[in-house]
Protein chains: 2
Amino acid sequence: MDFSDLVLDKGGVTPLYRQLTEQIKAAVAQGKLTEGTRLPAIRNLARALGVSPITVTQAYEALATEGIANGQVGRGTFILPRSHQTPVTTEPASKPSSEVAGWQNEITHYLKQPTRLAEISRLMQNAQARWNGEPEDFISLTSGSPTPELFPIARFHQALAQAGQSLQHESELLFQYGPPLGDPTTRNWLATYLHRFGFKADPDEILLTTGSQQALDLIARVFLGPGESILVESPTYPAALDIFEQRGIHWLPIPLDREGLQVEQLARLAERYHPKLLYTIPTAQSPTGQTLSPERRRRVAELSRRYNFLVVEDDTCNEFYYGSDSPAALKSYDSDGHILYIKSFSKLIFPTVRIGCIVASPFLLEKLAEAKQIFDRSTSLPLARAVFKHTSTTAFEREIKIMSTTYRTRRDAFLAALEEELTGTGCSWTYPEAGFSLLLTLPSGLNPAEVHQAAAGRGLGIMPGAVFYPIATEAPASLRLVFSDNPPPRLEEAARRLGQVLRELLRKRSLGRAASNFVAAV
Amino acid sequence: MDFSDLVLDKGGVTPLYRQLTEQIKAAVAQGKLTEGTRLPAIRNLARALGVSPITVTQAYEALATEGIANGQVGRGTFILPRSHQTPVTTEPASKPSSEVAGWQNEITHYLKQPTRLAEISRLMQNAQARWNGEPEDFISLTSGSPTPELFPIARFHQALAQAGQSLQHESELLFQYGPPLGDPTTRNWLATYLHRFGFKADPDEILLTTGSQQALDLIARVFLGPGESILVESPTYPAALDIFEQRGIHWLPIPLDREGLQVEQLARLAERYHPKLLYTIPTAQSPTGQTLSPERRRRVAELSRRYNFLVVEDDTCNEFYYGSDSPAALKSYDSDGHILYIKSFSKLIFPTVRIGCIVASPFLLEKLAEAKQIFDRSTSLPLARAVFKHTSTTAFEREIKIMSTTYRTRRDAFLAALEEELTGTGCSWTYPEAGFSLLLTLPSGLNPAEVHQAAAGRGLGIMPGAVFYPIATEAPASLRLVFSDNPPPRLEEAARRLGQVLRELLRKRSLGRAASNFVAAV
């Protein structure tokens, strides 16, 4: 890029530094400025533009804040790889500037936006808006949620009543803020429940949280700071990426192969970058549905000790493993406390129940419990007790089995339908041994956004893969397809519609190519 | 200070901006530069020192980061009051370094410790440990909690069962994460409930939270960043101070007089420092129990508009106002959305219920709701519904009246006992028109820590005032005394013990003085 192209409007209302920032951002967006390019020295650019060096300094700082460039004292300012860097949370994320008049526009806020969750919700709405048919004919494979018709609402009603009953016998003191770790009765039960995943937890190694989202947030707030590197599967769970991103961390994405997380790639990244933490979903990986082998689990645990990084094992979907026996949790390979284990009941009861937990060594858990106390005091006693009453029953075990069978049947129906309907399209997809979804890779030349739009027009909601990748621009052309919340006939119809859409787009593409070959020949 | 005194070593290894930063810091430390002094304009100082304006800009930024000075665009850079500044949270708060061996010691974490809550808990335990008598003879005035014997545990049992019942009739879709603001039924009811405090809230202006602590945390995370200034009553609620402190803010303490928050002092601070936010408890101020007059409320609202700062009105104890009619909430004077109103049910049901809310203008609430979604998804539907079922009854209104009468009776008994037992000690105390506690100022020469220890030895738990002040070192010699959770006879006994302790310490002090006078005379 030729920096003499930059033209600043010195009489304009937009501050000069802001104009400069925006023009450099535009150049990056247009590919005129690429990763690693060194920006001109502040004095030189100031002279060339006829502005104060302070203006250029401010612009470079704004670029750093927004994760576009990175100034290094004595070395210059360089363009960063696109979207590798999340801006640090301590800089105002943006000034609201749209619909509201007056003073509210001037208030700085510190949320990094847009989040992936907001982007997912936008894409879901967008797809539905493009459908002209009957709303009930629209099939959405986008939600990632458990299937509502299996929500045990009636039984949870009983659990609430039983919780109320059991609380009559407790000391009134428990109804003050209670112990920082949460209701002891519920933690005792959880310690027993978690045993099925292959490890023993002491009740004092369990911190109750309002769901796995708060568990992740507490871990991020306590242990992650701006510029620290974190290892994540690429792709992974977008709500976790949103949490980490708010802390201004640096991504170290680990690619997946047919068996999930590539542990040797993990070893190389750990060796090179000394990351602080690995976030992983070893069983029912989201969105691929893959499950890591015991050998790879052992290796991950070993690497965490060797390179001294924390591991956050997100295990919210372990109950929905469709093979004979799910491998023991990564936590079961933990010999000295590197692994923090997260559980949630969102998928086992319903999402808005809001109870989860973190299992960690006492030293780490103490920090997390103090954070919980500062930010939120404690987890609701009546709610925790209701979850205890609900889950410590044989009815719960039966429910989980029914859910698991239902989801497995849906997975099988969907895989068979994809096999049939997508033949010849050049697509490939992951084999979900567990969980709710799979990742489909598009044949070369097909654009996920284009497929998303065309599918929406045919009454099919699908999610482009980019939002599941820590670095969206590095995402392959892919789609996440959720099979958990539609019965087999609708999944089969969904596969049929997807096949039609893909074949149509491929036909157009080859016609276009033929036409341009023809033009070239003439 | 004469800035021409500054001498920079242009051939040195220390960067020029760093040299300048250190010299200004030294001048502040030596008292040559005092609070409120405006630093020279960047261009002028650069010219005077023969350095680039960038050097001066960098130095001023470093001073801002370290909490020494505060730059305001277009107004200049000012020296901040000493130790008003908390370090930014994005720097590791500490490295654990004590009992645990090995790698865990090396992990940086980002919690600022110790917190005031931890300090309060330590002092409470410390007091009990010093008591040699029967545990039940120890009287604690330290907790700040509602009184457990009035917890409506049996009735909350019914509410849980009724909530379960009412959820049977809801669409299953509500059991996914639900609307970001929380259960619509509960919000509709809250809008009606809040009407009694003198303002109308639309259900869409209400965000459900897990208690007022999360409400404060969301506000702090969205709207406060390092170096921003916040106005707080001095003294105030320590759990709120803990939250704000984690954000690395700059304190602007407002002293209280007999009628509470000094609004003209507020005006002066707002004029001078352009704060981002005021945190206030206008009714049942904690720990003083004071309640702000309608005139002062009107003035606070007016100042928030004039100087454009947000106001967080913490109104968790409004139901326990012991006069005839409590003044309308500050929120009722809000004409353009500057005031964010916080409510909690911790004191009206029991603390570990964990439901609260924020009322704010839609524009601000949208940001808070997005933060809630990122960090915690949503507030538990069954729990919110149980609180709705519990509070939307005449039984709840009766309970509140009984609680309020109980607390008023205790306040009256305690005030009368203090009047009787502390005569001649030189103590003064606030008159709590509402709430659970009062602040007692010790006579000159008595040290709160000494009183705390001596009282503990006599089986009395009291809390030194310093933890309630944003800047502990500026706290007057004071104690917080809680009257909510002991019946009148124990409060009277507590006052008696306190009187004995104080008289004893005063006697020792005057003996000591007499002795030293004697020595001096000899």
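Anything mentioned here points back to the structure above.
Residues numbered from 1 in each chain as written. Chains lettered and ligands numbered in written order. Predicted model: local features only at pLDDT ≥ 70, side-chain atom pairs only at ≥ 80, totals over all residues. Heavy atoms only, no water.

Caption draft 1: Up close: unusual backbone geometry. Cis geometry marks the peptide bond from Gln113(B) to Pro114(B), where omega comes out at -5°. Position of Pro114(B) relative to the elements: it lies in the loop between β2 (76–79) and α4 (116–129). Along the chain, Ser234(B) connects to Pro235(B) via a cis peptide bond; the corresponding omega equals 10°. Here Arg354(A), not a glycine, exhibits a phi torsion of approximately 65°, which is positive. Relative to the assigned elements, Arg354(A) resides in the loop between β10 (339–344) and β11 (356–359). Here Arg354(A) falls in the buried class, since its relative accessible area comes to 2%. Of note, His274(B) is a non-glycine position whose phi angle comes to about 45°, a positive value. By the secondary structure assignment, His274(B) is in the loop between α9 (263–273) and β8 (277–280). (Helix = DSSP H or I, 4+ residues; strand = E, 2+ residues; numbered from the N terminus. Buried < 20%, exposed > 50% of the residue type's maximum accessible area, 1.4 Å probe, protein only.)

Caption draft 2: Region of interest: the packing of aromatic side chains. Counted by the stated rule, this structure contains 25 aromatic pairs over all chains. Considering the side-chain rings of Tyr407(B) and Phe436(B), the 4.6 Å spacing of their centres and the 50° angle between planes classify their relative orientation as tilted. Here Tyr407(B), found in helix α13 (residues 394–421), pairs with Phe436(B), found in the loop between β12 (428–429) and β13 (437–441); they are 29 residues apart in sequence, far enough to count as distant. In terms of burial, Tyr407(B) and Phe436(B) fall into one category: buried. These aromatic residues form a ring-pair network of at least three members: Trp189(A), Tyr193(A), Phe197(A), Phe199(A), Tyr341(A), Phe345(A) and Phe396(A). Cation over ring: Arg497(A) sits above Trp131(A), and NZ or CZ is 6.0 Å from the ring centre. A cation over a ring is seen here: Lys367(B) above Phe363(B), with NZ or CZ 5.3 Å from the ring centre. (Phe/Tyr/Trp six-rings, centres within 6.5 Å; stacked < 30°, edge-to-face > 60°. Lys NZ or Arg CZ within 6 Å of the ring centre and 35° of its normal.)

Caption draft 3: Just the pattern of salt bridges, in detail. Per the stated rule, a full pass over the model turns up 47 salt bridges over all chains. A salt bridge links Asp217(B) to Arg221(A); the nearest nitrogen and oxygen atoms lie 2.7 Å apart. Here Arg221(A) lies in helix α7 (residues 211–223) and Asp217(B) lies in helix α7 (residues 211–223), a pairing that spans two chains. The residue Lys372(B) makes a salt bridge to Asp376(B) at a minimum N-O spacing of 2.6 Å. (Salt bridge = Lys/Arg side-chain N within 4 Å of Asp/Glu carboxyl O.)

Caption draft 4: A look at the packing of helix α11 (residues 362–376) of chain A against α7(B). Two numbers describe how α11(A) lies on α7(B): the axes approach to 7 Å, and their chain directions differ by 90°. Relative to α7(B), the element α11(A) lies roughly perpendicular. Where α11(A) abuts α7(B), its residues Ile374(A), Phe375(A) and Asp376(A) lie against Gln213(B), Gln214(B) and Asp217(B). Here the residues of the contact of α11(A) with α7(B) sort into two nonpolar, two polar and two charged. (Axes fitted to C-alpha atoms, helices over the stretch in contact; angles between N-to-C directions. Parallel < 35°, antiparallel > 145°, perpendicular 65-115°, else oblique. Contact = heavy atoms within 4.5 Å. Nonpolar A, V, L, I, M, F, W, Y, C, P; charged D, E, K, R; others polar.)

Caption draft 5: Region of interest: the sheet that holds strand β16 (residues 478–482) of chain B. Residues and elements named next belong to chain B. Pairing is antiparallel in the open sheet, where four strands are placed in the order β12-β13-β16-β15. The two strands at the open ends of the sheet, each matched to only one other strand, are β12 and β15 (463–464). Here two bridges tie β12 to β13, and the two strands are oriented antiparallel to one another. By the bridge assignment for β13, Ser428 is matched with Thr441. (Pairing = 2+ DSSP bridges.)

Caption draft 6: Representation of the sheet that holds strand β8 (residues 277–280) of chain A within the structure. Residues and elements named next belong to chain A. One open sheet holds the eight strands; their spatial order is β4-β11-β10-β9-β8-β5-β6-β7, and the pairing between them is mixed. Either end of the sheet is taken by a strand with one partner, and the two such strands are β4 (206–209) and β7 (260–261). Both β8 and strand β9 (residues 310–314) contribute to a ladder of four bridges, which runs parallel. When the bridges of β9 are listed, Thr280 appears paired with Glu313.

Caption draft 7: Quick look at the state of the cysteines. Residues and elements named next belong to chain B. A complete count under the given rule lists zero disulfides over all chains for this structure. Of all cysteine sulfurs in the structure, the one in Cys357 sits closest to Cys317, which takes part in no disulfide; the separation is 15 Å. Its relative accessible area of 8% is what places Cys317 among the buried residues. (Disulfide = S-S within 2.5 Å.)

Caption draft 8: The arrangement of the interface of chain A and chain B in detail. On the chain B side, the residues contacting the 90 residues of chain A number 89 residues. Counting each side, the surface lost to burial between chain A and chain B is near 8000 Å², with a carbon and sulfur contribution of 62%. Among the residues chain A hides against chain B, the three largest losses belong to Trp103(A), Phe363(A) and Ile374(A). Together they make up 9% of the total. Between chain A and chain B we count two salt bridges in total. Joining chain A to chain B, the criterion identifies 40 residue pairs in polar contact (both at pLDDT 80 or more). Sorting the residues of the side of chain A that touches chain B by element identifies α2 (42–49), α3 (53–65), α4 (116–129), α5 (153–167), α7, α8 (238–246), α11 and α12 (381–391) of chain A as the ones contributing at least two each. Per-class residue counts for the side of chain A that touches chain B are 42 nonpolar, 30 polar and 18 charged. (Buried area = accessible area lost by both parts, 1.4 Å probe. Polar contact = N/O pair within 3.5 Å; in protein donor to acceptor, adjacent residues only side chain to side chain.)

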